[in-house]
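# Breakdown of the fold
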Amino acid sequence: ELPPSEFMQVADSTWLVLSVVSNGREPPGCQATGVTKIARSVIAPLAEHHVSVLMLSTYQTDFILVRERDLPVVIDTLAGEFDIYKEESGECVPVTCDDMSNSFLKPKPPASPTLHPVQSPQTRFCVLTVAPDTLPAIATMLIDVLFYSHSPPWDAATSSQDLDSITFFSFSLIEGYISIVMDAETQKRFPSDLLLTSSTGELWRMVRIGGQPLGFDECGIVAQIAEPLAAADISAYYISTFNFDHALVPEEGIGEVIQLLQQRQESGR
């Protein structure tokens, strides 16, 4: 419904959403949540089969977006580990490899993926949700933050590893569930009694992936972050955007995260 505009860029591909539902058979002691929880079973296999993904973590769950044209490869890759269903007229219908194959050609194994630089600004973030019936009470503030609290112009000089802060605000509304990521200073502008967070009220630090816009064709970007964090059992909240990818990790673990990612960078050279 959006009118064409010279100011709006639209990616060529159409994307489909995968939602991973646990069957309750996770190994004892597995504490990691977010993208690291599905790193070994979903993210890594798709990267190995040269499938590009976008990742969207929300307060309630995590979603993986894959290009529609890659769906046969996705089904073939994941069918051995998962029961796969598609939604038809509101009903979940089982999907098999035979349903999707249509004699597709499996892609050739990709070359070693590019290890993109990562930045860790000092900004502290909150991951929140809002009850839908209270959304009107903060609507004016949301509009102000989304459209009128402009970030400073992007400057190549700010993309260095010494980036001190980053302007980031994410709002998602999925099947009636609201999820918000905002920095701790912006949170102070909202009524505290309407924003819901975990009982511990933890703060998060961000790792931004990419020194320049990443595009949509490359595979393995999410895996670059998810795999080493999963191996260390570190939770991560991951958001892919039009230009960059962002991983949020618990504030107290940011030092270990940066060390792990730097080690991976060095070993990949």
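Residues numbered from 1 in each chain as written. Predicted model: local features only at pLDDT ≥ 70, side-chain atom pairs only at ≥ 80, totals over all residues. Heavy atoms only, no water.

## Digging into the overall build of the chain
Condition: Helix and strand labels come from DSSP, where a helix needs a run of H or I of at least four residues and a strand needs a run of E of at least two; each type is numbered from the N terminus. Using a 1.4 Å probe on the protein chains alone, a residue whose accessible area is under 20% of its type maximum counts as buried, one over 50% counts as exposed, and one in between counts as partly exposed. Whether two residues are in contact is decided by their heavy atoms: any pair within 4.5 Å suffices. Per-residue and other accessible areas follow the Shrake-Rupley method at a 1.4 Å probe size, with only the shown protein chains counted as cover for residues.
Each helix and strand in the chain was counted, giving seven helices and twelve strands. Residues counted as buried form 41% of the 269 residues belonging to the chain. Once local pairs closer than 6 in sequence are excluded, the contacts in the chain between residues at least 24 apart make up 76%. Just so you have it, the chain exposes about 15800 Å², and 52% of that area is on carbon and sulfur atoms.

## Comments concerning the environment of Glu 81
Relative to the helices and strands, Glu 81 is located in the loop between α2 (71-78) and β4 (85-88). Spatially, the C-alpha atom of Glu 81 lies 8.8 Å from that of Val 42, the residues being 39 residues apart in sequence.

## Things to note about unusual backbone geometry
Of note in this structure, Glu 175 is not a glycine but carries a positive phi near 50°. Note that Glu 175 resides in the loop between β8 (170-174) and β9 (177-183). A relative accessible area of 71% means that Glu 175 is categorised as exposed. A positive phi angle, close to 60°, is found at Asp 233, a residue other than glycine. Structurally, the position occupied by Asp 233 is in the loop between α6 (221-231) and β11 (237-240).

## Digging into the nonpolar core
We apply this condition: Side-chain atoms within 4.5 Å are what join buried Ala, Val, Leu, Ile, Met, Phe, Trp, Tyr and Cys residues into a set we call a nonpolar core.
Of all hydrophobic cores here, the largest spans 38 residues; its most connected members are Ile 43 and Tyr 238. Only α1 (39-48), β2 (53-57), β3 (62-67), α2, β10 (204-209), α6, β12 (245-250) and α7 (254-267) provide two or more residues apiece to this core. Tallying contributions element by element places α6 first for this core, with seven residues. When sequence neighbours within four positions are dropped, the list of residues in contact with Ile 43 reads Val 35, Ile 38, Met 55, Ile 64, Val 222, Ala 223 and Ala 226. Residues Ile 138, Leu 142, Val 145 and Ile 178 belong to the second largest nonpolar core, which totals 14 residues.

## Notes on the pattern of salt bridges
Note the cut-off: Any carboxyl oxygen of Asp or Glu that lies within 4 Å of a side-chain nitrogen of Lys or Arg is treated as forming a salt bridge with it.
Within the structure shown, the criterion is met by seven salt bridges. For Lys 86, the salt bridge is made with Glu 88, and the minimal N-O distance between the two is 3.1 Å. Residues joined by salt bridges that share partners form a network here, namely Arg 67, Asp 70 and Asp 217.

## Looking at empty space enclosed by the protein
For the record, the criterion: Buried and open spaces are told apart on a 1 Å grid over the protein atoms alone, a cavity being a set of points where a 1.4 Å probe fits but cannot get out and a pocket being an open set with protein on both sides within 12 Å along at least five of seven lines. Residues with an atom within 4 Å of a point are the lining residues. Grid points are joined across faces, edges and corners, and a volume is the space filled by probe spheres set on the points. The nonpolar class holds Ala, Val, Leu, Ile, Met, Phe, Trp, Tyr, Cys and Pro. Asp, Glu, Lys and Arg form the charged class, and all remaining residues, Gly among them, are polar.
Enumeration according to the criterion identifies two cavities of 30 Å³ or more in this entry. Contributing to the lining of the largest cavity are 16 residues, with Val 53, Leu 54, Gly 215, Ile 221 and Asp 245 lying nearest its centre. Elements with a contribution of two residues or more to the lining of the largest cavity: β2 and α6. Residues belonging to the lining of the largest cavity are distributed by class as follows: nine nonpolar, five polar and two charged. There is about 40 Å³ of room inside the second largest cavity. Taken together, Ile 43, Leu 46, Ala 47, Val 51, Val 53, Gly 220, Ile 221, Val 222 and Ala 223 make up the lining of the second largest cavity. Elements with a minimum of two residues in the lining of the second largest cavity: α1 and α6. When grouped by side-chain class, the residues that make up the lining of the second largest cavity number eight nonpolar, one polar and no charged.

## Observations regarding the side chain of Ser 170
Topologically, Ser 170 is positioned in strand β8. In contact with Ser 170, not counting residues within four places along its chain, are Ser 179, Ile 180, Val 181 and Ile 239.

## Some details on the packing of α6 against α7
Worth spelling out the cut-off: Axis definition: a line fitted to C-alpha atoms, limited for helices to the stretch in contact. Angles are taken between N-to-C directions and run from 0 to 180 degrees. Throughout, the term roughly parallel applies to angles under 35 degrees, roughly antiparallel to angles over 145, roughly perpendicular to angles from 65 to 115, and oblique to all others. In a left-handed crossing the near helix is turned counterclockwise from the far helix by less than a right angle, and in a right-handed crossing that turn is clockwise.
With their axes 10 Å apart at the nearest point, α6 and α7 run at an angle of 120° to one another. Considered as vectors, α6 and α7 are oriented oblique to each other. The two elements α6 and α7 cross, and the hand of that crossing is right-handed. Residues Ala 223, Gln 224, Ile 225, Glu 227, Pro 228 and Leu 229 of α6 form the contact with α7, whose participating residues are Val 257, Leu 260, Leu 261, Arg 264 and Gln 265.

## Quick word on the confidence of the model for the chain
The cut-off we apply is this: How sure the predictor is of each residue is captured by pLDDT, a score from 0 to 100.
Across the chain, the average pLDDT comes to 83, with 83% of residues at 70 or higher. Confidence drops under a pLDDT of 50 for residues 153-162, and excluding neighbours within four residues, the segment shows eight contacts in the predicted structure.

## Here's the deal with the packing of aromatic side chains
In this description, an aromatic ring pair is defined by two values, namely the gap between the centres and the angle between the planes. Here is the rule: Only the six-membered ring of Trp is used, alongside the rings of Phe and Tyr, when aromatic pairs are assigned; centres must lie within 6.5 Å, and planes under 30 degrees apart are stacked while those over 60 apart are edge-to-face, with the rest tilted. A ring is scored as having a charge over it whenever the NZ atom of a lysine or the CZ atom of an arginine sits within 6 Å of its centre and within 35 degrees of its normal.
This model, assessed by the stated rule, comprises four aromatic pairs. What links up through ring pairs into an aromatic cluster is the set Trp 15, Phe 216 and Phe 242. Across from the ring centre of Phe 244, 4.1 Å away, lies the NZ or CZ of Arg 208, which sits over that ring.

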